[in-house]
Amino acid sequence: MANDPHIAPPVGGPAHVAIIMDGNGRWAQARGRPRLFGHHAGARRVREVVEACPDLGIKYLTIFAFSTENWKRTQVEVAGLMSLFRRYIAKETRALDARGVRVRFIGDRVRLDAKLIALMDQLETQTRHNDSVHLTIALNYGGRDEVARATKRLAQDVADGKLLPENVDEETLPRYLDTYVLPDPDLVIRTSGEARISNFLLWQSAYAEYEFIDTLWPDFSAEELRRLCTSYGARDRRFGAVPA
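Remember, predicted model here, so these are calculated numbers, not experimental data. (Residues numbered from 1 in each chain as written. Predicted model: local features only at pLDDT ≥ 70, side-chain atom pairs only at ≥ 80, totals over all residues. Heavy atoms only, no water.)

Asker: How should I be thinking about the pairing of strand 5 (residues 187-190) in this particular structure?
Answerer: Sheet faces and side chains relate simply in a regular strand, where the side chains alternate between the two faces. Residues of strand 5 alternate between two faces, with Leu187 and Ile189 on one and Val188 and Arg190 on the opposite face, all of them buried. Both strand 1 (residues 16-20) and strand 5 contribute to a ladder of 4 bridges, which runs parallel. Its bridge partner being in strand 5, Ile19 is matched across the sheet by Ile189. Two strands pair when backbone bridges link them, and strand 5 and strand 6 (residues 209-212) are joined in this way by 4 bridges, in the parallel orientation. When the sheet's bridge partners are listed, Val188 is paired in strand 6 with Tyr210. (Buried < 20%, exposed > 50% of the residue type's maximum accessible area, 1.4 Å probe, protein only. Helix = DSSP H or I, 4+ residues; strand = E, 2+ residues; numbered from the N terminus. Pairing = 2+ DSSP bridges.)

Asker: Help me understand the packing of aromatic side chains, please; the structure alone is not making it clear to me.
Answerer: Taken as a whole, this structure holds 8 aromatic pairs when the rule is applied. Pairing Tyr141 with Phe200 gives two aromatic rings, centres 6.1 Å apart and planes at 85 degrees, and the pair type is edge-to-face. One end of the pair, Tyr141, is in strand 4 (residues 133-141); the other, Phe200, is in the loop between strand 5 and strand 6, with 59 residues separating them in the sequence. Through successive ring pairs, a cluster of aromatic residues spans Phe64, Tyr141 and Phe200. Over the ring of Phe37 we find Arg33; its NZ or CZ atom is 4.0 Å from the centre of that ring. Between the NZ or CZ atom of Arg111 and the centre of the ring of Trp71, over which it lies, the distance is 4.2 Å. (Phe/Tyr/Trp six-rings, centres within 6.5 Å; stacked < 30°, edge-to-face > 60°. Lys NZ or Arg CZ within 6 Å of the ring centre and 35° of its normal.)

Asker: Help me out: how do you make sense of the UniProt feature "active site" (unreviewed entry) in the protein chain in this one?
Answerer: UniProt records the feature "active site" (unreviewed entry) at Asp22 and Asn70, using the numbering of this structure. Across 49 residues in sequence, these annotated residues keep their C-alpha atoms within 12.2 Å of one another, forming a single compact spot. For the largest pocket, the lining residues drawn from the annotated set are Asp22 and Asn70. Residue placement: Asp22 occurs in the loop between strand 1 and helix 1 (24-29). Beyond its immediate stretch of four places on either side in the chain, Asp22 contacts Arg190, Thr191, Ser192, Glu194, Leu216 and Trp217. (UniProt positions renumbered as here; feature names shortened; annotations may be inferred. 1 Å grid on protein atoms, 1.4 Å probe; cavity = no way out; pocket = protein on both sides within 12 Å on 5 of 7 lines; lining within 4 Å. Contact = heavy atoms within 4.5 Å.)

Asker: What should I look at first to understand unusual backbone geometry in this one?
Answerer: Leave glycine aside and you will find that most residues have negative phi; peptide bonds, for their part, are mostly trans. One non-glycine residue with positive phi stands out, namely Asn140, at about 50 degrees. Among the secondary structure elements, Asn140 is positioned in strand 4. Phi at Asn199 is positive, roughly 65 degrees, even though this residue is not glycine. Relative to the elements of secondary structure, Asn199 occurs in the loop between strand 5 and strand 6.

Asker: What am I meant to see in the sheet that holds strand 1 here?
Answerer: Adjacent strands of a sheet pair through backbone hydrogen bonds, lying either parallel or antiparallel. On the basis of which strands lie adjacent, the open sheet formed by 6 strands has the order 3-4-2-1-5-6 and parallel pairing. The open sheet terminates on both sides in strands that have one partner only, identified here as strand 3 (101-106) and strand 6. On average, each strand axis in the sheet is tilted by 20 degrees relative to the strand beside it, whichever way the strands run. Relative to strand 2 (residues 60-67), strand 1 runs parallel, the two sharing 5 bridges. For Val17, the partnering residue across the bridge sits in strand 2 and is Leu61. Contacting strand 2, strand 3 and strand 4, helix 3 (residues 75-98) runs over the sheet at an angle of about 155 degrees to strand 2. Packed onto the sheet, helix 4 (residues 114-126) meets strand 3 and strand 4 and runs at close to 145 degrees relative to strand 3. (Axes fitted to C-alpha atoms, helices over the stretch in contact; angles between N-to-C directions.)

Structure, rendered in structure tokens:
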């Protein structure tokens, strides 16, 4: 399906899709395999979804890779995930760049190891001029943590006299968020049957449409993404207004 010029994107489809990639562990356990086996399968699924974006008219794709709460998992699983992230970046950098994908990372990098941070920086730098698809990877990310960090930076600017308190409004804080250069998501998808947003893009998703689907992330496909984008295009989005 990827990059097929004969397939038109869904009418009125989303320009920015955000995905909570859930279900890797259950997918692996259903097959009698360790949870990390599912995470590796999920990482392979990311490539298919990224490749499908241009055909679907998706300019921005944001994926939730690791939350600030995921540190509570076992040490073995966390270490395995960090190793997977390093290998994924090293392996996929050339392909992402060749496809014109610009990659950004959001989240707090303080707890990440130096080697992983260096790989993240290199990937961002190498793809900074690309514009086919803007892929944002949320790594050690939490929506509340992001707002707290943004508020600290905003408060410091007020303290330094760079910003007047009376000038702070709902348009001010987004300029301090990790996603300040990105449009808000139009559609947020969560896989695996869970119906919660898990601290993901709390501020940015105020007017997003949500889809909670039963499919486990390693089984998610480009065709299912197309179906969800088509469904989104059929919705009447009024942003608080009423029909004329």
